[in-house]
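Remarks on the overall topology
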Amino acid sequence: MTTYVITVPGTFLRDVDDVARTQLARSLASHHTDLSETEDVELLTVHEDGTFSVRLEVEAPDRATAEDDAVRLAAGALEELGLSEKDAPLGPPAVTGVDGQF
C-alpha cells in the first residue's frame, strides 16, 4: 500500500461559517497525519471567494483509487454538515504527495 496526499478543490456556493469549517476539519482530521504534518500541509484552506482545498492522506494500491477515496471522504464530510454537491461542488482531485513502501 502507498500513502497519498490528495488535494480536493471545491467551492462553497452558500455561506459556511467558522463553526462549520471547524467541524469539517475535525471530521477529516484522521486523514491528516504524519506525512501531511511532515510536509507542513494544511488540512483545509478556505479563500475569501468561497473556494477551498481539502488535503487528505489516503492509503491505496494506486493513484486512481486514492483520488476516488479522497473525493468520497470529502463529499461525505460535507454531507454530514448538510452541504450537498450543489452547495459545495468538488473539483478534480490531484496527488500532491506520495509516501510509498517499495
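Quick note: structure is the one above.
About the thresholds
- Here the residue numbers are simple positions, counted from 1 along each chain's written sequence.
- Reporting of local features is limited, given that this is a predicted model, to residues whose pLDDT is at least 70; pairs of side-chain atoms are given and counted only at 80 or more, and all residues count toward the totals for whole chains, interfaces and linings.
- To get the side-chain values, take all heavy atoms of the structure and skip hydrogens and water.
- Accessible area is worked out with a 1.4 Å probe on protein chains only. A residue is then buried under 20% of its type maximum, exposed over 50%, and partly exposed in between.
- Numbering goes from the N terminus for both helices and strands, where a helix is a DSSP run of H or I of at least four residues and a strand is a run of E of at least two.
- This arc describes the spread of directions from the helix axis toward the C-beta atoms.
- Definition of a polar contact: a pair of N or O atoms within 3.5 Å, with one able to donate and the other able to accept a hydrogen when the atoms are protein atoms, and with sequence-neighbouring residues admitted only if both atoms are side-chain atoms.
- One bridge is not enough; two strands pair if DSSP finds at least two bridges between them.
- To form a nonpolar core, buried Ala, Val, Leu, Ile, Met, Phe, Trp, Tyr and Cys residues must be joined to one another through side-chain atoms within 4.5 Å.
- The contact rule is simple, with two residues in contact once any of their heavy atoms fall within 4.5 Å.

**Structural notes on helix 1 (residues 18–28)**
By the burial criterion, the buried members of helix 1 are Ala 20, Leu 24 and Leu 28. What you see down the axis of helix 1 is that its buried residues fit within an arc of 65°, all on one side. For helix 1, exposure combined with an orientation more than 90 degrees from the buried face picks out Asp 18, Val 19 and Arg 26. N-capping of helix 1 is provided by Asp 17, with a side-chain oxygen placed 3.2 Å from the backbone N of Val 19.

**Some points on the pairing of strand 1 (residues 2–11)**
Along strand 1, eight of the 10 residues are buried, which leaves the element largely enclosed by surrounding structure. In the sheet, strand 1 pairs with strand 3 (residues 51–60) via 10 bridges, with the strands oriented antiparallel. Of the residues in strand 3, the one forming a bridge with Val 8 is Val 54.

**Points about the nonpolar core**
Counting 24 residues, the largest nonpolar core has Phe 12, Leu 24, Leu 28, Phe 52, Leu 56 and Leu 78 as its most contacted members. Looking at this core, the elements with two or more residues in it are strand 1, helix 1, strand 3 and helix 3 (63–80). Here this core gets six residues from one element, more than from any other, and that element is helix 3. With near-sequence residues (within four places) excluded, Leu 78 lies in contact with Phe 12, Leu 24, Phe 52, Leu 83, Ala 88 and Leu 90.

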